[in-house]
Amino acid sequence: MTTQTRTQPPDAAALRQALSQVLDRLQSQPSRTWSIIITFYGDALLPRGGSVWLGTLNSFFKGLDIADGVVRTAMSRLAADGWLERNKVGRNSFYRLGAKGRETFFEAANRIYNPKVADWDGHFTILMPAPGPDRDILRKALEQAGYGAPLPGTWIAPSGWTIPEVARDEPRLVAQGSEADMRALAERAWPLAVLADHYRHFIADFSPLLAALEQGLHPSDLGAITARVLMIYEYRRIVLRDPGLPAAILPANWPGTAARQLCAALYRHLAAASERWLDQNGMDEDGPLKPSRISMADRFV
């Protein structure tokens, strides 16, 4: 008896080889499906109206070898938790981001695609809130605003950064010093070494894909959209932990810069084919997905 081996088209096999480390990690963590769904909505669907048929999602996740049942379970949980809203039309289910999901991705979008680094005058703002019953609320607000803590109970940020409303009445000081001192203080206040490692892993994972594309790899449309969303999923997890400090106080050869350049280059390579997959396969309640309201070329400018 002979056994037939299922083979992949050359480009599909090359794509999977280029993304092998990322795919292996993803398939060992099936609980990440819900996060990829949110990334898919934010990156690909919001510019096209934001609603999509469950069958479109299942087709997309086939590119990641994630079964329909896993997707349905993740969608149900996301809807129950308020991330998604479900609309039933006949026997078909359509989902769009709920208020919770839209707010989360809108906040993330500028950090991912078009971050703006404010001018820095070389000073830090220091906040030292007094102990009190609202300490945990204040701590969470400062962390979300990107503030770092070089010492317990002491929070710093580059001057000019927004102070959260709950901390507006707290005493504040201004710190200045040599560039070396400012860098040393930044390394105490934020986990820059950990962030740098994450960026280096991202570069190591996705550089083979960029090399393959630059050498003439032409992924299928499904391969392009899955690679694009997987890249944004991985990049988003890192960049949202990055406070976005001025270059003058970052460690030398900061890998975040190279990671962003890699992400931008890959996005440009994948944009046309991935948008074509959405044109040909994406469905909402009214039929084929609407054209994107934004140009992919405007991202990562």
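Reading guide: rules and limits
- Residues numbered from 1 in each chain as written.
- Predicted model: local features only at pLDDT ≥ 70, side-chain atom pairs only at ≥ 80, totals over all residues.
- Heavy atoms only, no water.
- Buried < 20%, exposed > 50% of the residue type's maximum accessible area, 1.4 Å probe, protein only.
- Helix = DSSP H or I, 4+ residues; strand = E, 2+ residues; numbered from the N terminus.
- Pairing = 2+ DSSP bridges.
- Expected span 1.5 Å × (residues − 1).
- Bend = angle between axes of the 7 residues up to and from the residue.
- Contact = heavy atoms within 4.5 Å.
- Axes fitted to C-alpha atoms, helices over the stretch in contact; angles between N-to-C directions.

1. Brief notes about the pairing of strand β6 (residues 154-158)
Along β6, five of the five residues are buried, which leaves the element largely enclosed by surrounding structure. What you see with β6 is no split at all: Thr 154, Ile 156 and Pro 158 on one side and Trp 155 and Ala 157 on the other are buried throughout. The sheet contact formed by strand β5 (residues 148-151) and β6 spans two bridges and is antiparallel. Paired with Leu 151 across the strands is Thr 154, a residue of β6.

2. Brief notes about helix α6 (residues 99-113)
Helical geometry note: an α-helix holds 3.6 residues per turn, so side chains three or four residues apart project in the same direction. Taking 1.5 Å per residue, 15 residues should reach 21 Å; α6 reaches 21 Å between its end C-alpha atoms and fits that length. Of all the bends in α6, the greatest, near 25 degrees, is centred on Glu 107. If you check which residues of α6 are buried, you get Gly 101, Phe 105, Ala 108, Ala 109, Ile 112 and Tyr 113. Here the buried face of α6 lies against α3 (33-45), β3 (92-97), α10 (221-239) and α11 (255-281).

3. Overview of the sheet that holds β5
If you walk across this open sheet you meet the four strands as β5-β6-β4-β7, and the pairing is antiparallel. Two strands lie at the open edges of the sheet, namely β5 and β7 (172-176), each paired on one side alone. Along the sheet, successive strands turn relative to each other by an average axial angle of 35 degrees, direction set aside. Pairing of strand β4 (residues 123-127) with β7, which is carried by five bridges, proceeds in the antiparallel orientation. Residue pairing across strands places Phe 124 opposite Ala 175, the latter belonging to β7. Of the strands in this sheet, β4, β5, β6 and β7 touch helix α8 (residues 179-189), which is tilted by about 100 degrees from β5.

By themselves, these observations are geometric and do not establish any function.
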